[in-house]
Amino acid sequence: MKKIILTTAILLGSLGQTIWAQTLSGKASYTAKSTVNMDFGNRQIPEDRKARMKKFMNDMSTNEFELIFNNNESIYSEEEELEQGSDMGRNHRVMMKAMFNQSSGDFYKNTTDDTYINKRDIYGKPFSIVDSLENIEWEVTDELKMIGQYTCFKATAKTKQFVLPEVPFGRRNEGEERPEMEDLKKETEVTAWFTLDIPINQGPDKFYGLPGLILEVQSAHLTILCTRVELDKGEPQKVDAPKGGKQVSQDEFDEIMKIKTEEVRQQMRNRRRGRVGGGH
């Protein structure tokens, strides 16, 4: 189990002996929303058009997810209806979510052996990313707030996240280089709100390791908020790990993404040159 620094007395004493003995399972719905800042430079664009473009970008980066969990396992998946559309549209959403720290595909966590499996489909090819969960060292504060019917405690931690500059509108200036994704990763503070009313160490996306279900996460550009929780009343349900796809580590997959992204950029450059050369 990852190190947890507890700074409030209510989490100490006999509490840990009782809550972890319970067997719980259920599902939780989350809305993940990324904030996109756009840089319009000195371009003369009507304010209403700017507003529409900002709304479009922010709508594209708002997604609905479901977390199925039990005491030791969980799987976090985007709701199926939002995955409809063309291959180009789906691939664009994958890129958007990667840049805005949102998960794509099915993200399975096993907190018994601290591993995860992320089933991804990139440009029609399935991958299964298998790696170790990040060691998140949470510091729990004495701040409280209500999320729905649940009393939640605040916890903070430092994790490496994408920290995006303002997204430029239109083409880049001549000679201006696009920053590599890895260069945008920085250690940033993440805030989580968890409830002891559901005493499991699970949460949305890659977040876990607190003595209660995480209902809200706030980081550099991303907010994940739980909108509904349903606990199982009968037998605890089993959480199945995703199967299929080429098995790779996270580092290997990141390199594949880097190559594919550059291929797409080159294809777009070639199309633009073709339009210019053809007189269109």
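Up top is the structure.
First, a word on what this report is: a plain description of the structure on this page. None of the values given here were measured: they were computed from a predicted structure. (Residues numbered from 1 in each chain as written. Predicted model: local features only at pLDDT ≥ 70, side-chain atom pairs only at ≥ 80, totals over all residues. Heavy atoms only, no water.)

### Quick word on the overall build of the protein
Across its full length, the protein holds four helices and 15 strands. When the 280 residues of the protein are sorted by exposure, 42% land in the buried category. Restricting the contact set of the protein to residue pairs at least 6 apart, pairs at least 24 apart contribute 70%. Within the structure as shown, the protein displays about 15600 Å² of accessible surface, and the carbon and sulfur contribution to it stands at 48%. (Helix = DSSP H or I, 4+ residues; strand = E, 2+ residues; numbered from the N terminus. Buried < 20%, exposed > 50% of the residue type's maximum accessible area, 1.4 Å probe, protein only. Contact = heavy atoms within 4.5 Å. Areas by Shrake-Rupley, 256 points an atom, 1.4 Å probe, with all protein chains shown as cover.)

### Details of the environment of Lys33
Inspection of the secondary structure puts Lys33 in strand β2 (residues 25-34). Judged by relative accessible area, Lys33 falls into the partly exposed class, the value being 37%. Along the sequence, Lys33 and Thr62 sit 29 residues apart, while their C-alpha atoms lie 4.3 Å from each other. Side chain to side chain, Lys33 and Thr62 meet in a polar contact 3.4 Å long. (Polar contact = N/O pair within 3.5 Å; in protein donor to acceptor, adjacent residues only side chain to side chain.)

### Overview of the nonpolar core
Judged by nonpolar contacts, the single largest core of 44 residues is most densely connected at Tyr30, Trp138, Leu213 and Leu215. The leading source of residues in this core is strand β10 (residues 150-162), at five residues. (Core = buried A, V, L, I, M, F, W, Y, C linked by side-chain atoms within 4.5 Å.)

### Here we look at the side chain of Asn71
Looking at the secondary structure, you find Asn71 in the loop between β4 (62-70) and β5 (73-78). Since its relative accessible area comes to 14%, Asn71 is described here as buried. Within the structure, the side chain of Asn71 is placed 2.7 Å from the backbone nitrogen of Leu24, a separation counted as a polar contact.

### Side note on the pairing of strand β13 (residues 213-218)
Burial runs high along β13: five of the six residues are buried. Note: β13 against strand β14 (residues 222-231), three bridges, orientation antiparallel. Paired with Gln218 across the bridge in β14 is Thr223. (Pairing = 2+ DSSP bridges.)

### Let's talk about the packing of aromatic side chains
Within the structure shown, the criterion is met by five aromatic pairs. Relative to Tyr76, the ring of Phe65 has its centre 4.6 Å away and its plane inclined at 5°; by these criteria the two rings are stacked. Here Phe65 is found in strand β4, whereas its partner Tyr76 is found in strand β5, with eleven residues between them in sequence. Tyr76 carries the same exposure label as Phe65, and that label is buried. A ring pair is formed by Phe127 and Phe253, whose centres lie 5.6 Å apart and whose planes are at 70°; its orientation type is edge-to-face. On the criterion of sequence distance, the pair formed by Phe127 in strand β8 (residues 125-132) and Phe253 in helix α4 (residues 250-277) is long-range, its members being 126 residues apart. With respect to burial, Phe127 and Phe253 carry one shared label: buried. An aromatic cluster is defined as three or more aromatic residues linked by ring pairs; in this entry it consists of Tyr30, Phe65 and Tyr76. (Phe/Tyr/Trp six-rings, centres within 6.5 Å; stacked < 30°, edge-to-face > 60°.)

### Remarks on the pairing of β8
Bridge analysis of strand β7 (residues 115-122) against β8 gives eight bridges, and the strand direction is antiparallel. Paired with Tyr116 across the bridge in β8 is Asp131. Joining the antiparallel neighbours β7 and β8 is a turn of two residues, in which Tyr123 adopts a positive phi near 50°. With three bridges joining them, β8 and strand β15 (residues 246-248) adopt parallel strand pairing. From the neighbouring strand, Phe127 faces β15, where its bridge partner is Lys246.

### Concerning a negative patch on the surface
Negative charge collects at one region of the surface, where Asp251, Glu252, Asp254 and Glu255 lie side by side. When you line up the elements, Glu255 lands in helix α4. (Patch = residues over 30% accessible without salt bridge, like charges linked within 9 Å, V, L, I, M, F, W, Y side chains within 5 Å. Salt bridge = Lys/Arg side-chain N within 4 Å of Asp/Glu carboxyl O. Lys, Arg positive; Asp, Glu negative; His and termini not counted. Charge placed at Lys NZ, Arg CZ, Asp CG, Glu CD.)

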